[in-house]
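# Geometric and topological summary
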Amino acid sequence: MREYINKENQKQYWDEISDMYAGITKISMDDFHYGPQIPGESDLKLLPEFSSGMTALELGCGAAQNSIFLNKRYRMKCLAMDISDERIKNAHELCREQGAEVELCVAGFENFLEALKQAGHEGEQFDFVHSSHAIEFVQDPATIVKQMTSVLKPGGTLMLSTVHPLFNGEWLTNVVEDEEGNELEESGQFITNYFEPPDDVRDENGLHVVSRAHSISNWFDWLTAAGLTITALKEPAAIIDAPYSSADWADHDGQLDAIPSTLILVAKKA
């Protein structure tokens, strides 16, 4: 039985590391990012065509770089939410610096529907609903997918990127012998159960925080059960000049060239 993911721990965790994270992580606002150390939209070209006045909702927005990009590039009306007050403060700062008009709100995945009502958006549907590397911190992604779909316009697009199920395994180096008896090192990822990948557990400052990966088939089932049609699925390898990076992500010793860190899913509502 997997442990319960405590959303209050997640909130405190991101509140405490927010400024540090902003200082060590580079996230471009000149491209739409999908995850650390992988190509952005300028290379992957996964999203539909956007135009001025279209609406977008971002959940788990962090400092809202993707919403800032959409507002500045396409003049979209963007609403961005994050569970952390401190991350939303970072987002306000970036919006001021960039001259972007993004509505910002403190709310987690579990209460975003109530937050929409409180912000005056009850019953509103959006052209684009998206989340980049945040839904892995929730207990019940299947329910969240249904709720995100419920606020998507017919013909609208949902984009989710999340941790890849292989990435939470353990990177091991094994010594083998070739035909001439020479010792060679071989490295690879070890995972005991693909269908329930190990959690990424972070015990910091007295907080027990869990990031959880799920199988690709689970994501397929959850999206289709919500009435969506999957239009794109990507597992990108790492690149050098990524729109989202840090020193640790960039120094991956070739692991991200062999194992995808991120799963990207794009789906359309009929």
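Residues numbered from 1 in each chain as written. Predicted model: local features only at pLDDT ≥ 70, side-chain atom pairs only at ≥ 80, totals over all residues. Heavy atoms only, no water.

Ranked by internal contacts, the top residues of the largest apolar core, which has 32 residues, are Leu57, Met81 and Met148. Those elements that provide at least two residues to this core are β2 (55-59), β3 (77-82), α5 (112-118), β5 (126-132), α6 (141-150), β6 (152-163), α7 (216-225) and β13 (262-269). Among residues more than four places away in sequence, those in contact with Leu57 are Leu79, Met81, Phe112, Leu116, Phe126, Phe128, Val129, His130 and Val151. Among the nonpolar cores identified, the runner-up in size contains 30 residues, and Phe32, Ala64, Cys95 and Val102 belong to it. (Core = buried A, V, L, I, M, F, W, Y, C linked by side-chain atoms within 4.5 Å. Buried < 20%, exposed > 50% of the residue type's maximum accessible area, 1.4 Å probe, protein only. Helix = DSSP H or I, 4+ residues; strand = E, 2+ residues; numbered from the N terminus. Contact = heavy atoms within 4.5 Å.)

Let us look at the packing of α6 against α7. Look at α6 against α7: their axes get within 9 Å of each other, and the N-to-C directions meet at 35°. Handedness of the α6/α7 crossing: right-handed. On α7, the residues that touch Pro141, Ala142 and Val145 of α6 are Trp219, Trp222 and Leu223. (Axes fitted to C-alpha atoms, helices over the stretch in contact; angles between N-to-C directions. Left-handed = near helix turned anticlockwise from the far one by under 90°.)

Here we come to the layout of surface pockets. For the largest pocket, the calculated volume is near 1000 Å³. For the largest pocket, the lining is made up of 48 residues, of which Trp14, Tyr21, Phe137, Arg202 and Tyr244 are closest to its centre. Sorting elements by how many residues they give to the lining of the largest pocket places helix α1 (residues 7-24) first, with eight residues. Of the residues belonging to the lining of the largest pocket, the class tally is 23 nonpolar, 15 polar and 10 charged. Of the volumes computed, that of the second largest pocket is approximately 180 Å³. Lining the second largest pocket are Tyr21, Ala22, Thr25, Ile27, Met29, Ala63, Gln65, Arg87, Asn90, Glu93, Leu94 and Glu97. For the lining of the second largest pocket, the elements supplying multiple residues, two or more each, are α1, β1 (25-27) and α4 (85-98). (1 Å grid on protein atoms, 1.4 Å probe; cavity = no way out; pocket = protein on both sides within 12 Å on 5 of 7 lines; lining within 4 Å. Points joined across faces, edges and corners; volume = space filled by probe spheres on them. Nonpolar A, V, L, I, M, F, W, Y, C, P; charged D, E, K, R; others polar.)

Evaluation of the coordinates by the stated rule reveals 11 aromatic pairs. Judged by centre distance (5.5 Å) and plane angle (70°), the rings of Phe50 and Tyr74 are edge-to-face. With Phe50 in the loop between α2 (41-44) and β2 and Tyr74 in helix α3 (residues 65-74), the pair connects residues that are 24 residues apart, well separated along the chain. What makes Tyr74 partly exposed here is its relative accessible area of 27%. Grouped by ring-pair contacts, the aromatic residues Phe32, Tyr34, Phe50, Phe69, Tyr74 and Phe128 constitute a single cluster. (Phe/Tyr/Trp six-rings, centres within 6.5 Å; stacked < 30°, edge-to-face > 60°.)

Relative orientation of the contacting elements α1 and α4 amounts to 35°, with a least axis distance of 7 Å. On α4, the residues touching Lys11, Trp14, Asp15, Ser18, Asp19, Tyr21 and Ala22 of α1 are Asp85, Glu86, Arg87 and Asn90. Looking at the contact of α1 with α4 residue by residue, the class counts come to three nonpolar, two polar and six charged.

Within β3, five of the six residues are buried, which leaves it mostly tucked inside the rest of the structure. Two elements, β2 and β3, share five bridges in a ladder whose sense is parallel. If you follow Glu58 over to β3, its bridge partner there is Ala80. One crossover worth recording links β2 to the parallel β3 by way of α3, and it is right-handed. Crossover handedness for the path β3 to α4 to strand β4 (residues 102-106): right-handed. (Pairing = 2+ DSSP bridges. Right-handed = clockwise from strand over helix to strand, strands pointing away.)

Looking now at the side chain of Ser84. Looking at where Ser84 falls in the secondary structure, it is placed in the loop between β3 and α4. Exposure remark for Ser84: the relative accessible area of 0% places this residue in the buried category. Separated by 3.2 Å, the side chain of Ser84 and the backbone nitrogen of Glu86 make a polar contact. Sequence-distant contacts of Ser84, defined by excluding residues within four places in its chain, comprise Lys11, Trp14 and Asp15. (Polar contact = N/O pair within 3.5 Å; in protein donor to acceptor, adjacent residues only side chain to side chain.)

To continue, consider the state of the cysteines. Per the counting criterion, the structure on display carries zero disulfides. This cysteine, Cys105, is not joined by any disulfide, and Cys61 carries the nearest cysteine sulfur, 9.3 Å off. The exposure class assigned to Cys105 is buried, which follows from its relative accessible area of 17%. (Disulfide = S-S within 2.5 Å.)

Next up on the list: the environment of Leu104. Note on placement: Leu104 falls in strand β4. Along the chain, Leu104 and Ala63 lie 41 residues apart, while their C-alpha atoms are 9.7 Å from each other.

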